[in-house]
Amino acid sequence: MSEVLNRETPLAAAEHAVPGANRDAAYDVARIRADFPILTREVYGKPLVYLDNGASAQKPVQVLDAMDEAYRRYYANVHRGIHRLSQEATDAFEAARDKVARFVGAPNHDEIVFTRGATEAINLVANSWGQRHIGEGDEIVLTVLEHHANIVPWQMLRERTGCVLKVVPLTPEGSPDLQVYESLLGPRTKLVAVAHISNVLGTVLPVRQMIDMAHAAGAKVLLDGCQAAPHMPIDMRALGCDFYVFSSHKLYGPTGIGVLWAPFETLNEMPPYQGGGEMIDRVTFEETTFKSPPHRFEAGTPAIVEAIGLGAAVDYVEGIGLDAIAAHEESLLRYATERLSAIDGLTLYGTAKEKAAILSFNLEGPHAHDVGTILDRSGVAVRCGHHCAQPLMDFLDVPATSRASFGLYNTHAEVDALAAAIEKVKDFF
Ligand SMILES: *Cc1c(COP(=O)(O)O)cnc(C)c1O
């Protein structure tokens, strides 16, 4: 059991909360913030208000310490050493895989493949599974709101195989149009690859329904869970998808590591993605046989310490509780939506009923980049640009948006700081 769990958890505190009391107080966001050293720093003499969690989240001391300890106390290469340090490093590395398996509700830790990130995980599926199962004229269904990481690998597969990409448009609220989706599913549909939560609009896609519809058409489903894993409980058994990917660095863990989950039977009939050490059973110059999953897909020395850091991040968020995090962020979303909607000349993009705490907006007049620069001078860090979702920008008919994306350590006071900083932008234009 993690240290975080042994403390009186914010979730336990929340259960005793007086209805209508300040959510921040019940959740003890101050205690959570104290775990994140970077949140105490200032920028331009102003307290940092970090609202760029959709791009990457900050790291708690529990993650930093776990990685520091690994490097200081038991660092060695994994899986092939008989010496003590290598065994300890291997145990910690594989323990991280167990933690991730539990975190996503995977029945078996061999279903967790460590990758460099979500992007590599999608490329792995496109190259390995896609190369074997997708042929000329076969169809892959995406939505307009996908991140480039869930578009470009499929375009590259199209180059190689002659398959066809079909794209589901959005409703005015920013959710996939399910009527069109249904009409795009057919006997040639092999795969539906969609975000679980949009990184621009915050929309939580109706994935249960979309998965059932895809399966009824005989297609597999890949979910891009980058924005979901940090913000809501995820459970592979309940979701019933065929592939799930996410990155550690958006889940308060280190960069350089991510996760692909798929049922063992699916992974077991997929050919290797990259060749090298760690993934082979036996090599001769005539023939090489491969290990079974997940090692078949982890060629070379893995990101050992990053995996250990990811394990610590999983412990950390589970210690607070994904339900408690989701409730806190929902409260921030409601408050931020109310505050930003009240600002004259501000347009919010994405108003789906099921929505994560991501607010994309534009002001009448200034370009998003100018908005971001001025907000930065107030200490408020937001992302401005196309957010790796240019087809969505085209669909919205804007060149860019500003995006405030909230995490488990953000506060209602920071929503006020954001709103005040936006008001200040208006003074310049
Ligand atoms: C961040 C993100 C990605 C890409 O993740 P990497 O960590 O850069 O590989 C893909 N999809 C969504 C929805 C994202 O938010």
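Residues numbered from 1 in each chain as written. Predicted model: local features only at pLDDT ≥ 70, side-chain atom pairs only at ≥ 80, totals over all residues. Heavy atoms only, no water.

Draft legend 1. Molecular detail of the packing of aromatic side chains. Summed over the entire model, instances satisfying the criterion amount to 9 aromatic pairs. On the numbers, 5.7 Å between centres and 70° between planes, the contact of Trp129 with Phe243 is edge-to-face. With Trp129 in helix 7 (residues 118–133) and Phe243 in strand 9 (residues 243–247), this pair connects stretches of sequence that are 114 residues apart. Side by side, Trp129 and Phe243 carry an identical accessibility label, which is buried. An aromatic cluster is present here, built from Phe36, Tyr252, Tyr316 and Tyr409 joined pairwise through their rings. (Phe/Tyr/Trp six-rings, centres within 6.5 Å; stacked < 30°, edge-to-face > 60°. Helix = DSSP H or I, 4+ residues; strand = E, 2+ residues; numbered from the N terminus. Buried < 20%, exposed > 50% of the residue type's maximum accessible area, 1.4 Å probe, protein only.)

Draft legend 2. Representation of the domain arrangement of the chain in the model. For the chain, the assigned domains read domain 1 (10–47 + 321–427) and domain 2 (63–319). For domain 1 versus domain 2, the separation of C-alpha centres amounts to 28 Å. Each partner contributes residues to the interface: domain 1 has 35 residues there, and domain 2 has 30 residues. For the pair domain 1 and domain 2, the two sides together bury roughly 2,600 Å², of which 65% comes from carbon and sulfur. The three residues of domain 1 that bury the most area against domain 2 are Leu322, Leu392 and Phe395, which together make up 23% of that side's buried surface. Joining domain 1 to domain 2, the criterion identifies 0 salt bridges. Mapped by element, the contributors of at least two residues to the side of domain 1 that touches domain 2 are helix 14 (322–341), strand 14 (358–363), helix 16 (390–396) and strand 17 (401–405). If one sorts the elements of the side of domain 1 that touches domain 2 by residue count, helix 16 sits on top with 6 residues. Tallied by class, residues from the side of domain 1 that touches domain 2 come to 20 nonpolar, 9 polar and 6 charged. (Domains from an automatic or database assignment. Contact = heavy atoms within 4.5 Å. Buried area = accessible area lost by both parts, 1.4 Å probe. Salt bridge = Lys/Arg side-chain N within 4 Å of Asp/Glu carboxyl O. Nonpolar A, V, L, I, M, F, W, Y, C, P; charged D, E, K, R; others polar.)

Draft legend 3. Broad picture of the site of the ligand. In the vicinity of the ligand, the contacting residues are Ala118, Thr119, His147, Ala149, Asn199, Asp224, Cys226, Gln227, Ser247, His249 and Lys250. Here a nitrogen atom of the ligand and a side-chain polar atom of Asp224 are 2.5 Å apart. At 2.6 Å from an oxygen atom of the ligand is found a side-chain nitrogen or oxygen belonging to Ser247. Within the complex, 87% of the 380 Å² of free accessible area of the ligand lies under protein. Among the residues making up the shell around the ligand, the classes are represented as 3 nonpolar, 6 polar and 2 charged. (Near = heavy atom within 4 Å. Polar contact = N/O pair within 3.5 Å; in protein donor to acceptor, adjacent residues only side chain to side chain. Areas by Shrake-Rupley, 256 points an atom, 1.4 Å probe, with all protein chains shown as cover.)

Draft legend 4. How the structure looks around the pattern of salt bridges. Under the counting rule described, the total for this entry stands at 18 salt bridges. The partner of Arg383 in a salt bridge is Asp52, and the shortest N-O contact between them spans 3.0 Å. Taken together, the residues Arg383 in strand 16 (residues 383–385) and Asp52 in the loop between strand 3 (49–50) and helix 5 (61–73) connect sequence positions 331 residues apart. Given a relative accessible area of 7%, Asp52 falls into the buried group. Close ionic contact of Arg97 with Glu298 constitutes a salt bridge, the shortest N to O distance being 2.8 Å. Here Glu298 lies in the loop between strand 12 (288–290) and helix 13 (304–320) and Arg97 lies in helix 6 (residues 84–104), a separation of 201 residues in the sequence. The structure contains a network of salt bridges with shared partners spanning Asp52, Arg383 and Arg403.

Draft legend 5. Structural detail: the nonpolar core. In this structure, Phe103, Phe114, Tyr244 and Leu408 are the most contacted members of the largest nonpolar core, which totals 85 residues. At 11 residues, the largest contribution of residues to this core is made by helix 13. Formed jointly, this core draws a minimum of three residues from each of two domains, domain 1 (10–47 + 321–427) and domain 2 (63–319). When neighbours within four sequence positions are excluded, Phe103 is seen to be in contact with Ala229, Ile234, Phe246, Leu251, Val314, Val317, Glu318 and Leu322. (Core = buried A, V, L, I, M, F, W, Y, C linked by side-chain atoms within 4.5 Å.)

Draft legend 6. Quick look at the packing of helix 6 against helix 13. The N-to-C vectors of helix 6 and helix 13 enclose an angle of 40°; their axes lie 8 Å apart at closest approach. As summarised for this structure, helix 6 and helix 13 are arranged oblique, according to the angle between their axes. Judged by the twist between their axes, the crossing of helix 6 over helix 13 is left-handed. Judged by residue contacts, Ala92, Phe93, Ala96, Lys99, Val100, Arg102 and Phe103 of helix 6 engage Ile304, Ala307, Ile308, Leu310, Gly311, Val314, Asp315, Val317 and Glu318 from helix 13. Of the residues belonging to the contact of helix 6 with helix 13, the class tally is 11 nonpolar, 1 polar and 4 charged. (Axes fitted to C-alpha atoms, helices over the stretch in contact; angles between N-to-C directions. Parallel < 35°, antiparallel > 145°, perpendicular 65-115°, else oblique. Left-handed = near helix turned anticlockwise from the far one by under 90°.)

Draft legend 7. Region of the structure containing helix 10 (residues 207–216). Within helix 10 the residues assigned to the buried category are Val207, Met210, Ile211, Met213 and Ala214. End-on, the buried residues of helix 10 take up no more than an arc of 165°, which puts them together on one face. Structurally, helix 10 contributes buried residues whose contacts are with strand 5 (139–143), helix 9 (178–184), strand 7 (189–195), strand 8 (220–224) and helix 11 (236–239). Positive phi appears at Gly218, one or two residues downstream of helix 10, with a value of about 85°. (Arc of directions from axis to C-beta.)

Draft legend 8. Spotlight on the sheet that holds strand 16. As summarised here, the arrangement of the 4 strands in space is 13-14-17-16, forming an open sheet in which the pairing is antiparallel. Taken across any chain shown, the strands that pair with only one partner, and hence form the sheet edges, are strand 13 (346–349) and strand 16. Neighbour-to-neighbour, the strand axes of the sheet open up by a mean angle of 30°, direction not taken into account. Across 4 bridges, strand 14 lies against strand 17 in antiparallel orientation. From the neighbouring strand, Ile358 faces strand 17, where its bridge partner is Ser405. Along the sheet face, helix 14 touches strand 13 and strand 14 and points at about 10° away from the line of strand 14. Against the sheet, helix 17 (residues 412–428) makes contact with strand 13, strand 14 and strand 17, and its axis sits at roughly 15° relative to strand 14, the strand it touches most. (Pairing = 2+ DSSP bridges.)

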